[in-house]
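What follows is each chain in one-letter form.
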Amino acid sequence: MTVTRDDEFHDVVIVGAGHGGAQAAIALRQGRFAGTILMIGDEPDPPYERPPLSKDYLAGARTFERILIRPPGFWIERDVALRLGECRDGRSRRASDHHRCGRPDRL
Ligand SMILES: Cc1cc2nc3c(=O)[nH]c(=O)nc-3n(C[C@H](O)[C@H](O)[C@H](O)COP(=O)(O)OP(=O)(O)OC[C@H]3O[C@@H](n4cnc5c(N)ncnc54)[C@H](O)[C@@H]3O)c2cc1C
């Protein structure tokens with residue numbers, strides 16, 4: 001069991017709510033893993049596809065909802081807890097601080 005906060009326990013903690021993190025959570029549930037799963041991401045949004053971000057979303061060809069890896073309800077139905085806008089180091093962060101998640105600024 002992994003301890004994530006004094007008051008919160010999860011069997012699996014996935015750090016990073018990108019494609020890799022999302023697929024890990026999906027695979028665990030597809031494999032009938034019944035324990036608790038927490039996915040932590042420093043971005044404010046649930047997991048989304050990166051390629052269409054630049055090719056479709058920013059070009060106005062698709063809405064943000066249509067580039068989500070799964071609709072928001074999917075994570076609730078599969079009992080995958082999302083903690084967004086936060087670094088794994090436990091410091092609570094505002095979404096606008098995204099670029100300061102222990103890494104250099106980047107484009
Ligand atoms: C705009 C764009 C277009 C792309 N187009 C293509 C393409 O056409 N074809 C292709 O093959 N690939 C493309 N890629 C690359 C592809 O999307 C990546 O290979 C893929 O996103 C990697 O997924 P990942 O989950 O491993 O990492 P990421 O997508 O980087 O996700 C990791 C997530 O974890 C978060 N994170 C990291 N550390 C922490 C921490 N300590 N605490 C909390 N959160 C943390 C990061 O902020 C990020 O949200 C593109 C990438 C981008 C950005």
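Residues numbered from 1 in each chain as written. Predicted model: local features only at pLDDT ≥ 70, side-chain atom pairs only at ≥ 80, totals over all residues.

1. With respect to the nonpolar core
- Listed in full, the 11 residues of the largest apolar core are Ile 14, Ala 17, Ala 22, Ala 25, Ile 37, Leu 38, Met 39, Ile 40, Trp 75, Val 80 and Leu 82.
- Elements represented by at least two residues in this core include exactly helix H1 (19–30), strand S4 (37–41) and strand S5 (80–84).
- Looking at this core, the element that brings in the most residues is S4, giving 4 residues. (Core = buried A, V, L, I, M, F, W, Y, C linked by C-beta atoms within 7 Å. Buried ≥ 20, exposed ≤ 12 C-beta atoms within 10 Å, placed from the backbone. Helix = DSSP H or I, 4+ residues; strand = E, 2+ residues; numbered from the N terminus.)

2. Observations regarding the site of the ligand
- Neighbouring the ligand are 18 residues; Gly 16, Gly 18, Gly 20, Arg 50 and Pro 51 lie closest to it.
- Looking at the shell around the ligand, the elements that each hand over two or more residues are H1, S4 and helix H2 (51–57).
- Tallied by class, the residues present in the shell around the ligand amount to 7 nonpolar, 7 polar and 4 charged. (Near = placed C-beta within 6 Å. Nonpolar A, V, L, I, M, F, W, Y, C, P; charged D, E, K, R; others polar.)

3. A few points about the pairing of strand S3 (residues 12–15)
- Note: S3 against S4, 4 bridges, orientation parallel. When the bridges of S4 are listed, Val 15 appears paired with Ile 40.
- You can see the chain leave S3, run along H1 and come back into S4, and the turn it takes is right-handed. (Pairing = 2+ DSSP bridges. Right-handed = clockwise from strand over helix to strand, strands pointing away.)

That is the geometry; function is a separate question.
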